[in-house]
Amino acid sequence: MKGDSEIIDALNAGLTIELTAINLYFIHSKMCRDWGYNTLAKHFYDESIEEMKHAEYLIDRILFLEGVPEIARYDVIRVGDTVEKQLANALELELKAVSTYNDGVKLAADKKDAGSKEIMERILVESEESVDWTETQQHVISEVGIQLYLSTQTGGPAE
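Note that the structure is a prediction, hence the values are computed from the model and not measured. (Residues numbered from 1 in each chain as written. Predicted model: local features only at pLDDT ≥ 70, side-chain atom pairs only at ≥ 80, totals over all residues. Heavy atoms only, no water.)

A.B. asks: Explain the overall build of the protein chain to me, using residue names and the numbers behind them.
C.D. replies: Each helix and strand counted, the protein chain has 5 helices and 0 strands in total. Reading the protein chain from its N end, one meets helices and strands in the order α-α-α-α-α. Counting only C-alpha atoms, the protein chain reaches 55 × 25 × 25 Å along its principal axes. Looking at the protein chain residue by residue over its 159 residues, the buried ones come to 45%. Considering only contacts in the protein chain between residues 6 or more positions apart, those separated by 24 or more positions represent 80%. As presented, the protein chain carries roughly 8200 Å² of accessible surface, and 55% of it is formed by carbon and sulfur atoms. The centroid of the 15 positive side-chain charges in the protein chain is displaced by 4 Å from the centroid of its 30 negative side-chain charges. (Helix = DSSP H or I, 4+ residues; strand = E, 2+ residues; numbered from the N terminus. Buried < 20%, exposed > 50% of the residue type's maximum accessible area, 1.4 Å probe, protein only. Contact = heavy atoms within 4.5 Å. Areas by Shrake-Rupley, 256 points an atom, 1.4 Å probe, with all protein chains shown as cover. Lys, Arg positive; Asp, Glu negative; His and termini not counted. Charge placed at Lys NZ, Arg CZ, Asp CG, Glu CD.)

Quick look at the structure:
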């Protein structure tokens, strides 16, 4: 089914963010594991897998619309050298995702493409949940301090 080029562009814009996020969360997971923050490492690893699923939904939709998935496009991957920087970088990328998907949902509604709209709405909600989680972590750090926060992130086995 031949899709609208603007919709395909919007889906590819989301794909760029998802591919960037896969890498960002994966390296943050590996770094946190190396530092002994196993709980946080698991969270970042799970986020990386969730972003991979988002990328899969977008790629499948783009192909369905007879478009070309732009898998070589990435935003800058800002690797944080501290947990606080990692959280800030994740928040920045997730806020960009929320904005991108809000625009994409509106475009899909205007173009009467319910399938693309549904996919972007689902990813939008999960991106908003990631924003909320990250903002909560930053709030906890501001309340209890980074050292106490990090002491809560050492649990669980190293996988």
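Text resumes after the structure shown.
A.B. asks: For the packing of aromatic side chains, give the residues involved together with the corresponding values.
C.D. replies: Throughout the structure, instances matching the rule amount to 3 aromatic pairs. A ring pair is formed by Tyr-25 and Phe-44, whose centres lie 5.9 Å apart and whose planes are at 25°; its orientation type is stacked. Separated by 19 residues along the polypeptide, Tyr-25 in helix 1 (residues 5-35) and Phe-44 in helix 2 (residues 38-64) bring together distant segments of the chain. Here Tyr-25 falls in the buried class, since its relative accessible area comes to 2%. Taking the centre distance of 6.5 Å and the plane angle of 50° together, the rings of Phe-26 and Tyr-45 count as tilted. Of the two residues, Phe-26 sits in helix 1 while Tyr-45 sits in helix 2, which places them 19 residues apart along the sequence. Taking the relative accessible area as the measure of exposure, Phe-26 reaches 38% and is therefore partly exposed. Over the ring of Tyr-57 we find Arg-122, and its NZ or CZ is 4.6 Å from the ring centre. (Phe/Tyr/Trp six-rings, centres within 6.5 Å; stacked < 30°, edge-to-face > 60°. Lys NZ or Arg CZ within 6 Å of the ring centre and 35° of its normal.)

A.B. asks: Explain unusual backbone geometry to me, and be specific about the residues and the numbers.
C.D. replies: Of note, the phi angle at Glu-66 is positive, near 65°, even though the residue is not glycine. With respect to the helices and strands, Glu-66 occurs in the loop between helix 2 and helix 3 (83-110). Its relative accessible area of 47% is what places Glu-66 among the partly exposed residues. The backbone phi angle of Lys-112 is positive, close to 60°, even though this residue is not glycine. Structurally, Lys-112 can be placed in the loop between helix 3 and helix 4 (114-144). Assessed through its relative accessible area of 74%, Lys-112 is described here as exposed.

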